Amino acid sequence: MHRVDEAGRLHAALSAVSERLAGVLDDSRFERRDGYALTVMPPFPLPSFNGVWAETDAAAPELEHAQRQIEELGLPFGVTVRAGRTPAAEEAARALGLTEELRMPGMVLTPDELLAPSPDEVQVVRVETADGLAQALAVAAAGFEIPADLLAAVYMVEVSELSGLEYYLAQVDGRDVSTAVGFTIDRTVGIFNVGTPPEHRGRGYGASVTASAVADGFAAGADLAWLQSSSMGESVYRRLGFREVETYVLFYRPA
């Protein structure tokens, strides 16, 4: 499989996940327009969830109008691009004052590339109840060191019922030490919200829960796993076998 195909599958699956998520979240929408997609997700007041995903440079002249639409809702506006593919959209984003840039590697692996060493003491369980969702939310918020309210919508029962969506907790001696979310869609499995609280980092727990989510996706018929990595998680994912095939860049306004 050529890398361009893997990058395309990653991007198509990421778009499909966002569209499914917007379909069950209050006041949210994912609209495919000429040269871009518009995302509006008030439950996530972050620029990565509210703004434009530029597909071609046809998006460039539309950014100002989209920015007004988003900011009139009281939401922060962001522009996400696939690095180097839409230079005019990148320049237009900077001209609108979106001068902060966040690099997000798009990484993939295939079933024969998965390396899954797991500390003996770790047990990874699949979340099946509302109480379990609350536990996973608490661990994720602690792992990202942000208020739980910013992630809460992902852990609502209505969202958890989306086909292909699974939640995981890594536990040691009955204590929750890490968490992840897997979404199997279009013969791929996307990995999200991998979070390990600071006191549990450096012991392989995040890698264990990620590998479990990936393996379950492959068992369910996926032949490609993918994710967008943070700078903190990138080395962990590389050790599992993930490799970068796309680079996303989020443009947003300085705080």
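Here the structure is shown first, and the text comes after it.
A short tour of the structure in this document, coming up. Along each chain, residues carry numbers from 1 onward, in the same order as the chain's sequence is written. The model is predicted, so local features are restricted to residues of pLDDT at least 70 and side-chain atom pairs to those at 80 or more, both for listing and for counting; the totals for chains, interfaces and linings are taken over all residues. Working from all heavy atoms in the structure, the side-chain values ignore hydrogens and water.

### A closer look at the overall build of the protein
Runs of E in the DSSP output that reach at least two residues are strands. Runs of H or I that reach at least four are helices, and both are numbered from the N terminus. In terms of helices and strands, the protein carries seven helices and 11 strands. Whereas a compact globule of 255 residues would reach a radius of gyration of roughly 18 Å, the protein reaches 18 Å, a difference of no more than 12%. On the principal axes, the C-alpha backbone points of the protein span a range of 55 × 40 × 30 Å. Burial status across the protein gives 51% buried among its 255 residues. Whether two residues are in contact is decided by their heavy atoms: any pair within 4.5 Å suffices. Residue pairs at least 24 apart in sequence account for 68% of intrachain contacts in the protein once pairs closer than 6 positions are excluded. Surface accessibility of the protein: about 11500 Å² in total, with carbon and sulfur atoms responsible for 51%. Of the charged side chains in the protein, 20 are positive and 37 negative, and the gap between their average positions amounts to 5 Å. Radius of gyration: over C-alpha atoms. The globule rule applied is 2.2 Å multiplied by the number of residues raised to the 0.38 power. The buried label applies to any residue whose accessible area, calculated with a 1.4 Å probe on protein chains only, is under 20% of its type's maximum; exposed applies above 50%, and partly exposed to all values in between. Per-residue accessibility takes into account occlusion by the displayed protein chains alone, with areas from the Shrake-Rupley method and a 1.4 Å probe. The positive count covers Lys and Arg only, the negative count covers Asp and Glu only, and His and the chain ends enter neither. In plain terms, the charge of a residue is placed at NZ if it is Lys, CZ if Arg, CG if Asp and CD if Glu.

### Some details on the packing of aromatic side chains
Stacked, edge-to-face and tilted are the three classes for Phe, Tyr and Trp ring pairs, Trp counted by its six-membered ring, which pair at centre distances within 6.5 Å; planes under 30 degrees apart are stacked, over 60 edge-to-face, the rest tilted. Within the structure shown, the criterion is met by five aromatic pairs. Taken together, a centroid distance of 4.6 Å and an interplanar angle of 25 degrees make the contact between F44 and F49 stacked. For F44, a relative accessible area of 1% puts it in the buried group. Between the aromatic rings of F192 and W226, the centroid separation amounts to 5.4 Å while the plane-to-plane angle is 90 degrees, which identifies the pairing as edge-to-face. Residue F192 is located in strand β9 (residues 188-195), and its partner W226 is located in strand β10 (residues 224-228); the two are separated by 34 residues in the primary sequence. The class of F192 is partly exposed, set by a relative accessible area of 25%. Overall, the relative accessible area of 0% leaves W226 in the buried class.

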